[in-house]
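# Inside the fold
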Amino acid sequence: MRTWTRTVAGGLTLLLLGGCAAVETYVGERRDLAAGGPEARIQEAQGRQAQARTTNMALQRQVAEVQAQQTALSRDLQASQAQLGELNRKLAGARSATAAQRRDYDRLVARQKQIRQELDALARQPQPASAIDASAQSLKLQQMQDERDALQRQIDALQQALS
């Protein structure tokens, strides 16, 4: 019997505590309602929502601006790459022209050296005995000197172009 009494007493205690909790919840809710709790929370949530929308719109504008900048930079990059390609083609052409001028210069210098050697060889030869041979030698000497002078002018022009 004692166990039965304890069981009933425990059940009644639980029932009483449950009822008190329900009453406390009811009283707390009434107090919260009287203080404007749900409306205040709703207004606060709506304020946070409006602020989030404003922030979202600002961020979307920023994203649009960044995308526009990215597009502009991409166009600028493509234009710069095209310009760089054109400059590289011009540079390759200039290098080719410079190499051709260098080859011409080297050829002219070699020919000038050959003419000097021939002139030196002619100068060391004895004077011809006949007037015809002397005239032919003099003419040949004059032609070689003229060619040497022409070569020198061409060499000078190429040196200036290569500088």
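Before reading further, recall that the structure is shown in the block above.
Counting starts from 1 at the beginning of each chain's written sequence and moves along it residue by residue. Under the rules for a predicted model, residues below a pLDDT of 70 receive no local features and side-chain atom pairs below 80 are neither given nor counted, while totals for whole chains, interfaces and linings still include all residues. Think of the side-chain values as coming from all heavy atoms in the structure, minus any hydrogens and water.

### Thoughts on the nonpolar core
Grouped burial of nonpolar side chains is what soluble globular proteins tend to show. Counting residues in each nonpolar core, the largest one holds nine residues, listed as Tyr105, Leu108, Ile115, Leu119, Leu122, Met144, Leu151, Ile155 and Leu158. Of all the secondary-structure elements, those providing two or more residues to this core are helix 2 (37–124) and helix 3 (131–162). Ranked by residue count, the leading element in this core is helix 2, at five residues. Throughout, a contact is declared for two residues whenever any of their heavy atoms are within 4.5 Å. Apart from residues no more than four positions distant in its own chain, Met144 is found in contact with Ile115, Glu118, Leu119 and Leu122. To form a nonpolar core, buried Ala, Val, Leu, Ile, Met, Phe, Trp, Tyr and Cys residues must be joined to one another through side-chain atoms within 4.5 Å. The classification of residues rests on relative accessible area computed with a 1.4 Å probe and restricted to protein chains. Under 20% of the type maximum is buried, over 50% is exposed, and intermediate values are partly exposed. Helical segments are the DSSP runs of H or I of at least four residues, strand segments are the runs of E of at least two, and each set is numbered from the N terminus.

### Observations concerning the pattern of salt bridges
Counted as salt bridges are all cases of a side-chain nitrogen of Lys or Arg within 4 Å of a carboxyl oxygen of Asp or Glu. Scanning the entire structure with this criterion turns up four salt bridges. Its salt-bridge partner being Arg48, residue Glu44 comes within 2.8 Å of it at the nearest N-O pair. Residue Glu44 and its partner Arg48 are located together in helix 2, separated by four residues, close to a single helical turn. Of the residues examined, Arg48 reaches a relative accessible area of 48% and is grouped as partly exposed. Across the pair Glu147 and Arg111 runs a salt bridge whose closest N-O atoms are separated by 2.9 Å.

Function cannot be inferred from these measures alone, as they are strictly geometric.
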